Amino acid sequence: MAADLDEAAGTLLAVWEAARERTTSRLSSAQLRAVMVVEQYDGINLRRLATLTDMLLSSASRLCDRLVAAGMLEREPGRYDRREIALHLTPTATRLLAELRADRRHRLDRILAAMSAEGRAALLRGMREFDEAGRRGEAAAAEGWPVLQPSGERIGDPSAEPEPPAEPPVARTA
């Protein structure tokens, strides 16, 4: 099944890559990924960005330097700790991501129009279930492959801080 899915996903990946090539030719894949993470977590600090993009802190810092120079990111001192830097997208980066998504959706619409209504419904249902399974991290945690959760936490991330143990219940005396 995995081999069949891998083969079938080729067209989807080609659509993604064609849209990326057309709209983000100024950015590398790593830069685009960083911009998308900053979009999702506005005000993210550099350490968290490095963690979410699986980069060394020094590499993430250099990447951000290039994105600031390209007019894609802005840095500002943190609200609670002035030594910490918060990252934000510029309007240029926001427009670029909107163009990327519009191009991707246009390309997908053309392919989906050639499918039957039943095929489109089955594809959507299957992709939603696939997404939910990936976000639960059942397979990801076993392979050590971190998956972003809606909260921004990663499942299967060995660098994630463990949850503090729950407080034991207090015995009541009558």
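Structure shown above.
Peer 1: Can you break down helix α2 (residues 29–40) residue by residue, with the values?
Peer 2: Compared with an ideal rise of 1.5 Å per residue, which puts 12 residues at 16 Å, α2 spans 17 Å between its outermost C-alpha atoms and is within 8% of the ideal. The complete set of buried residues in α2 reads Q31, L32, A34, V35, V37 and V38. Each element contacted by the buried residues of α2 is listed here: α1 (2–23), α3 (46–52), α4 (57–69), β1 (73–77), β2 (85–89) and α5 (91–113).

Peer 1: With reference to specific residues and values, describe the pattern of salt bridges.
Peer 2: Evaluation of the coordinates by the stated rule reveals 6 salt bridges. With a shortest N-O distance of 3.2 Å, R20 and E17 are connected by a salt bridge. Of this pair, R20 and E17 both sit in helix α1, 3 residues apart, roughly one helical turn. For R20, a relative accessible area of 14% corresponds to the buried category. You can call E17 partly exposed: its relative accessible area is 35%. One salt bridge connects D65 with R75, and the closest N-O pair in it is separated by 2.7 Å. Taken together, the positions of D65 in helix α4 and R75 in strand β1 put the pair 10 residues apart, joining distant regions of the chain. Among the residues examined, D65 registers a relative accessible area of 38% and is labelled partly exposed.

Peer 1: Hey, could you go over the nonpolar core for me, with residue numbers and the actual values?
Peer 2: Counting 25 residues, the largest nonpolar core has V35, I44, L49 and L67 as its most contacted members. Of all the secondary structure elements, the ones that give two or more residues to this core are α2, α3, α4, β2 and α5. Looking at this core element by element, the count peaks at 5 residues for α2.

Peer 1: Help me get a handle on α4, residues and values and all.
Peer 2: Residue pairs three or four apart in sequence face the same way in an α-helix, which turns once every 3.6 residues. End to end, α4 covers 18 Å across 13 residues, agreeing with the expected 18 Å (1.5 Å per residue, within 8%). Buried within α4 are the following residues: A60, L63, C64 and L67. In a view along the axis of α4, the buried residues occupy a sector of 100°, so they form one face of it. Backbone geometry just downstream of α4 places G71 in the positive-phi region, at approximately 80°.

Peer 1: Now, about a nonpolar patch on the surface: what can you tell me, with residues and values included?
Peer 2: Together, L5, L12, W16, L123, M127 and F130 make up a nonpolar patch on the protein surface, roughly 540 Å² of accessible area in all. Put simply, the parts of the chain that give the nonpolar patch at least two residues each are α1 and α6 (117–136). Mapped onto the elements, W16 comes out in helix α1. Accessibility expressed as a relative area gives 35% for W16, which makes it partly exposed.

Here is what the cut-offs are and how they apply
Residues numbered from 1 in each chain as written. Predicted model: local features only at pLDDT ≥ 70, side-chain atom pairs only at ≥ 80, totals over all residues. Heavy atoms only, no water. Helix = DSSP H or I, 4+ residues; strand = E, 2+ residues; numbered from the N terminus. Expected span 1.5 Å × (residues − 1). Buried < 20%, exposed > 50% of the residue type's maximum accessible area, 1.4 Å probe, protein only. Contact = heavy atoms within 4.5 Å. Salt bridge = Lys/Arg side-chain N within 4 Å of Asp/Glu carboxyl O. Core = buried A, V, L, I, M, F, W, Y, C linked by side-chain atoms within 4.5 Å. Arc of directions from axis to C-beta. Patch = residues over 30% accessible without salt bridge, like charges linked within 9 Å, V, L, I, M, F, W, Y side chains within 5 Å. Areas by Shrake-Rupley, 256 points an atom, 1.4 Å probe, with all protein chains shown as cover.

Shape is all these values report; function is a separate question.
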